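Residues per chain, in single letters:
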2 protein chains.
Amino acid sequence: MKQLYIVGIGPGGQQDMTTRAKQAISQAELLCGYPVYVDLVRELAPDTPVLTTPMRQETERCRAALRAAAEGTTTALVCSGDAGVYGMAGLVLQLAEEYPPVEIQVVAGVTAALSGAAVLGAPLTHDFAVISLSDLLTPWEKIERRLAAAAQADFVISIYNPASRRRADHLHKACEILLRYRAPSTPCGFVRNISREGQQSCILTLSELADAPLDMFCTAFVGNSETKVLAGRLVTPRGYKL
Amino acid sequence: MKQLYIVGIGPGGQQDMTTRAKQAISQAELLCGYPVYVDLVRELAPDTPVLTTPMRQETERCRAALRAAAEGTTTALVCSGDAGVYGMAGLVLQLAEEYPPVEIQVVAGVTAALSGAAVLGAPLTHDFAVISLSDLLTPWEKIERRLAAAAQADFVISIYNPASRRRADHLHKACEILLRYRAPSTPCGFVRNISREGQQSCILTLSELADAPLDMFCTAFVGNSETKVLAGRLVTPRGYKL
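Keep in mind that what you see is a predicted model, and the values were worked out from it rather than measured. (Residues numbered from 1 in each chain as written. Chains lettered and ligands numbered in written order. Predicted model: local features only at pLDDT ≥ 70, side-chain atom pairs only at ≥ 80, totals over all residues. Heavy atoms only, no water.)

Student: Provide a residue-level description of the sheet that holds strand 12 (residues 228-230) of chain A, including the pertinent values.
Tutor: Residues and elements named next belong to chain A. Across the sheet, which stays open at both edges, the 3 strands sit in the order 6-13-12 with mixed pairing between neighbours. Two strands in the sheet have a free side with no partner beyond their single neighbour: strand 6 (121-122) and strand 12. Bridge analysis of strand 6 against strand 13 (residues 233-235) gives 2 bridges, and the strand direction is parallel. Bridging from a neighbouring strand, Gly121 pairs with Leu234 of strand 13. (Pairing = 2+ DSSP bridges. Helix = DSSP H or I, 4+ residues; strand = E, 2+ residues; numbered from the N terminus.)

The following block contains the structure:
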């Protein structure tokens, strides 16, 4: 039986991909994905046929990958970051029962919470929550409830999809909720274009983050009550005796 | 100036390491780490001197790495999973100011939440929280508060350090808290020895997880209110129209 690999390619550069991800891509007979992500891995499989679908056509993308694999074509569906975290693995597994049996392998990758944290220092040394501010697929009330719960219980928070043109004020609204429970001086940070050309990072306070010019290429981090800025890095201690 | 790399090696096998992590290890003049993790990467640098410290000597390990780097030895401090998530990056950055300046690079890796999720299917497709049940460095009350908050706000939860000989009942106590807010039938899973020899995985309900024989080599997953078991895999939908 031919295979369908759902591959997390990490933040972008080949440096940050796992060997397992590279092998799945170079052995595939078809590469599926969102055009930008396929381009990022094209070098690994320059002659492999490609099937891309635009943003918001995720279901069609997953169906095309399942159909190809079911027809006997070893297929790699590439996702930025991890294959699972807000990635396509869930959708493929949901749709799989409509297709003839295919062996599906999920290949984990370095998600933006990890790659962004490494750029900023070590904000995720303690319990953390990952929350997306995109309300395309999730009611905003649910997002607000999760932000409040995570802030109240003193989780470090990694924020995905902090803003887009259509949702320019989401980050501001999110920070207002966090500010009910966290000090305005709480150390925060964000990274734009992690591990790609034009990478930028910034450490700032929670009150500054509320009005910072983030876009859809950014991942943000909000410290817990113990997070500090040390020599320009965002660091959450874990309680070791120094 | 010589470098100190804090390197996340992923779950274990070289297949799951990033190229950046492999390069940092093979270029280092000294490998530091917990003995088990150093062994996992020894093949990449068979002739490089090694400095290990036992469990609970994390501070000494980080100090040794900082001292070596400050003396001009390019050093790689290896961590299982990610370098930051419950890893050594935070501790090194805290201690760094006591040593002469060293260029510190944090190299992200695939943490157990991601590698374990890939084994089970796609439980982390939606907002999630990562919580360690180890109370060596964190008061148990704080852990309980975070479990309750994450359960109430319907996060998927990835549980690190679910049990050890000294803390045999921690997972049971944690599940009791989760059961206040989540149905006993909530789909859950755990993976033992992710990507290593003897890997085992299991999908079960939250009430079954409470009494399951997990140990310190396991990572557990608790679904949110929408998580399902589909064809033997743990899947959290994200809301796409099928």
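There is more to say after this.
Student: How would you explain the packing of aromatic side chains if you had to name every residue and give the values?
Tutor: Evaluation of the coordinates by the stated rule reveals 4 aromatic pairs over all chains. Measuring from centroid to centroid gives 5.2 Å for A:Tyr86 and A:Tyr160, while their planes differ by 50°, and the two rings are tilted. On the criterion of sequence distance, the pair formed by A:Tyr86 in the loop between strand 4 (75-79) and helix 4 (89-95) and A:Tyr160 in strand 8 (residues 156-160) is long-range, its members being 74 residues apart. Over the aromatic face of B:Phe155 sits the side chain of A:Arg146, whose NZ or CZ is 5.7 Å from the ring centroid. (Phe/Tyr/Trp six-rings, centres within 6.5 Å; stacked < 30°, edge-to-face > 60°. Lys NZ or Arg CZ within 6 Å of the ring centre and 35° of its normal.)

Student: Can you tell me about the pattern of salt bridges, naming the residues and giving the values?
Tutor: All chains considered together, the criterion is met by 20 salt bridges over all chains. Among the salt bridges present, the one from B:Arg146 reaches A:Asp127, with a minimum N-O distance of 2.8 Å. Linking B:Arg146 in helix 6 (residues 140-152) with A:Asp127 in the loop between strand 6 and strand 7 (128-132), this pair reaches from one chain into another. Relative accessible area serves as the criterion here: at 1%, B:Arg146 is assigned to the buried category. For A:Asp127, a relative accessible area of 0% corresponds to the buried category. With its nearest N and O atoms 3.4 Å apart, the salt bridge here joins B:Asp135 to B:Arg166. Of this pair, B:Asp135 sits in the loop between strand 7 (128-132) and helix 6 while B:Arg166 sits in the loop between strand 8 (156-160) and helix 7 (170-179), and the two are 31 residues apart along the sequence. For B:Asp135, a relative accessible area of 27% gives the class partly exposed. What you see here is one network of salt bridges that share partners, running through A:Asp127, A:Asp154, A:Arg182, A:Glu226, B:Lys142 and B:Arg146. (Salt bridge = Lys/Arg side-chain N within 4 Å of Asp/Glu carboxyl O. Buried < 20%, exposed > 50% of the residue type's maximum accessible area, 1.4 Å probe, protein only.)

Student: Before we move on, could you go through the interface of chain A and chain B and cite the residues and values that matter?
Tutor: Listed by partner, the interface residues are 70 residues for chain A and 70 residues for chain B. In total, about 6,200 Å² of surface goes out of reach between chain A and chain B, with carbon and sulfur atoms giving 56% of it. Counting across the chain A and chain B interface gives 10 salt bridges. Counting across the interface, chain A meets chain B through 36 residue pairs in polar contact (both at pLDDT 80 or more). Taken together, the residues that form the side of chain A that touches chain B break down as 30 nonpolar, 25 polar and 15 charged. For strand 7 of chain A and strand 7 of chain B, the ladder comprises 3 bridges, and the chain directions are antiparallel. (Contact = heavy atoms within 4.5 Å. Buried area = accessible area lost by both parts, 1.4 Å probe. Polar contact = N/O pair within 3.5 Å; in protein donor to acceptor, adjacent residues only side chain to side chain. Nonpolar A, V, L, I, M, F, W, Y, C, P; charged D, E, K, R; others polar.)

Student: Run through the pairing of strand 8 of chain A, naming residues and quoting values.
Tutor: All names here are of chain A. Among the 5 residues of strand 8, 5 are classified as buried, and the element is accordingly described as predominantly covered. Bridge analysis of strand 7 against strand 8 gives 5 bridges, and the strand direction is parallel. Residue Ala129 lies in a different strand from strand 8, and its bridge partner there is Ile157. Handedness of the crossover joining strand 7 and strand 8 through helix 6 (residues 140-152) is recorded here as right-handed. Sheet analysis places strand 8 next to strand 11 (residues 218-222), joined by 3 bridges and oriented antiparallel. Across the sheet, Ile159 pairs through a bridge with Ala220, a residue of strand 11. (Right-handed = clockwise from strand over helix to strand, strands pointing away.)

Student: Pulling in residues and values, what's your account of the nonpolar core?
Tutor: Grouped together as the largest cluster of nonpolar side chains are 91 residues, with contacts concentrated most on A:Leu4, A:Ile6, B:Leu4 and B:Ile6. Discounting chain neighbours no more than four positions away, the residues touching A:Leu4 are A:Ala65, A:Leu66, A:Ala69, A:Thr75, A:Leu77, A:Val92, A:Val102, A:Glu103, A:Ile104 and A:Gln105. Counting 60 residues, the second-largest nonpolar core is a separate cluster that includes A:Ala149, A:Ala212, B:Ala153 and B:Ile177. (Core = buried A, V, L, I, M, F, W, Y, C linked by side-chain atoms within 4.5 Å.)

Student: For a nonpolar patch on the surface, give the residues involved together with the corresponding values.
Tutor: Nonpolar side chains collect at one region of the surface, where A:Met55, A:Met216 and A:Phe217 lie side by side and expose about 300 Å² of accessible area between them. With respect to the helices, strands and loops of the structure, A:Met55 is situated in the loop between strand 3 (50-52) and helix 3 (58-70). (Patch = residues over 30% accessible without salt bridge, like charges linked within 9 Å, V, L, I, M, F, W, Y side chains within 5 Å. Areas by Shrake-Rupley, 256 points an atom, 1.4 Å probe, with all protein chains shown as cover.)

Student: Which residues make up the layout of surface pockets, and what values go with them?
Tutor: All names here are of chain B. By volume, the second largest pocket amounts to about 1,400 Å³. Taken together, 41 residues form the lining of the second largest pocket, with Tyr37, Met55, Ser80, Asn161 and Met216 sitting closest to its centre. The residue makeup of the lining of the second largest pocket, split by class, is 20 nonpolar, 11 polar and 10 charged. (1 Å grid on protein atoms, 1.4 Å probe; cavity = no way out; pocket = protein on both sides within 12 Å on 5 of 7 lines; lining within 4 Å. Points joined across faces, edges and corners; volume = space filled by probe spheres on them.)

Student: So, the environment of B:Gln200: which residues are in play, and what are the values?
Tutor: Residue and element names in this part refer to chain B. The residue Gln200 is located in strand 10 (residues 200-205) in this model. Along the primary structure Gln200 and Val110 are separated by 90 residues, whereas in three dimensions their C-alpha atoms are 18 Å apart. If we ignore the near neighbours within four places in the chain, the residues touching Gln200 are Phe190, Val191 and Arg192. Side chain to side chain, Gln200 and Arg192 meet in a polar contact 2.7 Å long.

Student: Describe helix 5 (residues 112-120) of chain A, naming the residues involved and giving the relevant values.
Tutor: For helix 5 of chain A, a buried count of 8 out of 9 residues is recorded, marking the element as mostly surrounded by other parts of the structure. Buried residues of helix 5 of chain A: A:Ala112, A:Ala113, A:Leu114, A:Ser115, A:Gly116, A:Ala117, A:Ala118 and A:Leu120, and no others.

Student: Could you give an account of the relation of the copies chain A and chain B, with specific residues and numbers?
Tutor: Between the two copies of the chain lies a relationship made up of a rotation around an axis and a movement along it. Expressed as a screw transformation, the operator carrying chain A onto chain B has a rotation angle of 180° and an axial translation of 0.0 Å, and the superposed copies differ by an RMSD of 0.0 Å. The superposition operator between the copies reduces to a two-fold rotation axis. Most of the interface of chain A is mirrored in chain B, where 100% of its interface residues are also at the interface. (Least-squares fit on C-alpha atoms with pLDDT ≥ 70 in both.)

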